[in-house]
Amino acid sequence: MIREIRPDELRALLELYTNMHEIAIPEDSEVLQRTWNKIISDPDHHVIVCVEDGRIVSSCICVIIPNLTRNIRPYAFVENVVTHAEYRGKGYATACLDYAKDIAVKENCYKMMLLTGSNSEDTLRFYRNAGYNSTDKTAFIQWL
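Our subject in this report is the structure included herewith. (Residues numbered from 1 in each chain as written. Predicted model: local features only at pLDDT ≥ 70, side-chain atom pairs only at ≥ 80, totals over all residues. Heavy atoms only, no water.)

Here we come to a nonpolar patch on the surface. A grouping of Leu-115, Ile-141 and Trp-143 is seen on the molecular surface, where their side chains present a nonpolar patch of about 390 Å² in accessible area. Along the chain, the position of Trp-143 falls in the segment after helix H4 (121–129). (Patch = residues over 30% accessible without salt bridge, like charges linked within 9 Å, V, L, I, M, F, W, Y side chains within 5 Å. Areas by Shrake-Rupley, 256 points an atom, 1.4 Å probe, with all protein chains shown as cover. Salt bridge = Lys/Arg side-chain N within 4 Å of Asp/Glu carboxyl O. Helix = DSSP H or I, 4+ residues; strand = E, 2+ residues; numbered from the N terminus.)

Structure (structure tokens):
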């Protein structure tokens, strides 16, 4: 089942993130709770999850960003695409990305963007098959 996350599912999401690049679940703290409350209460911030076997097994974030160009149409930014290692190859991340696309279309976005730190051909093919391309724009990152 693909849906948006519930406020009480933070721990399950953080556990899933250990399948991405996080080493451990962050300690519960005021900063963590404040950040989570900010994310979960923002109507433009969508935490999309796939629930299988009663657990969150895949997720992505879709943020709708207001914009003054392109006829004042927003755009969507997708981040933190992850699937639990035991559930990969079953289409769950694709379903999450499709849900994000539905949100972007509903919000009248003119484009969707995502970045990946992976150079794996399998990962790049996955994003191409999901409808993304790496030829239209060049991404630059400045780490802070």
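Moving on, we come to the pairing of strand E2 (residues 45–52). Across the eight residues that make up E2, a large majority, six, are buried. Across three bridges, strand E1 (residues 2–4) lies against E2 in antiparallel orientation. Pairing of Arg-3 across the sheet is with Val-49, part of E2. In this structure, E2 lies alongside strand E3 (residues 55–65), joined through eight bridges in antiparallel fashion. By the bridge assignment for E3, His-45 is matched with Val-63. Between E2 and the antiparallel strand that follows it, E3, lie two residues; Asp-53 among them carries a positive phi value of about 55°. (Buried < 20%, exposed > 50% of the residue type's maximum accessible area, 1.4 Å probe, protein only. Pairing = 2+ DSSP bridges.)

Turning our attention to the packing of aromatic side chains. For the structure on display, the rule yields three aromatic pairs. Ring geometry for Tyr-75 and Tyr-110: centres 6.4 Å apart, planes at 75°, overall edge-to-face. Here the residue Tyr-75 occupies a position in strand E4 (residues 75–83), and Tyr-110 occupies one in the loop between helix H3 (92–106) and strand E5 (112–114), the gap between them amounting to 35 residues. Its end group placed over the ring of Tyr-75, Lys-111 keeps NZ or CZ at 5.4 Å from the ring centre. (Phe/Tyr/Trp six-rings, centres within 6.5 Å; stacked < 30°, edge-to-face > 60°. Lys NZ or Arg CZ within 6 Å of the ring centre and 35° of its normal.)

By themselves, these are just geometric observations and shouldn't be taken as functional.
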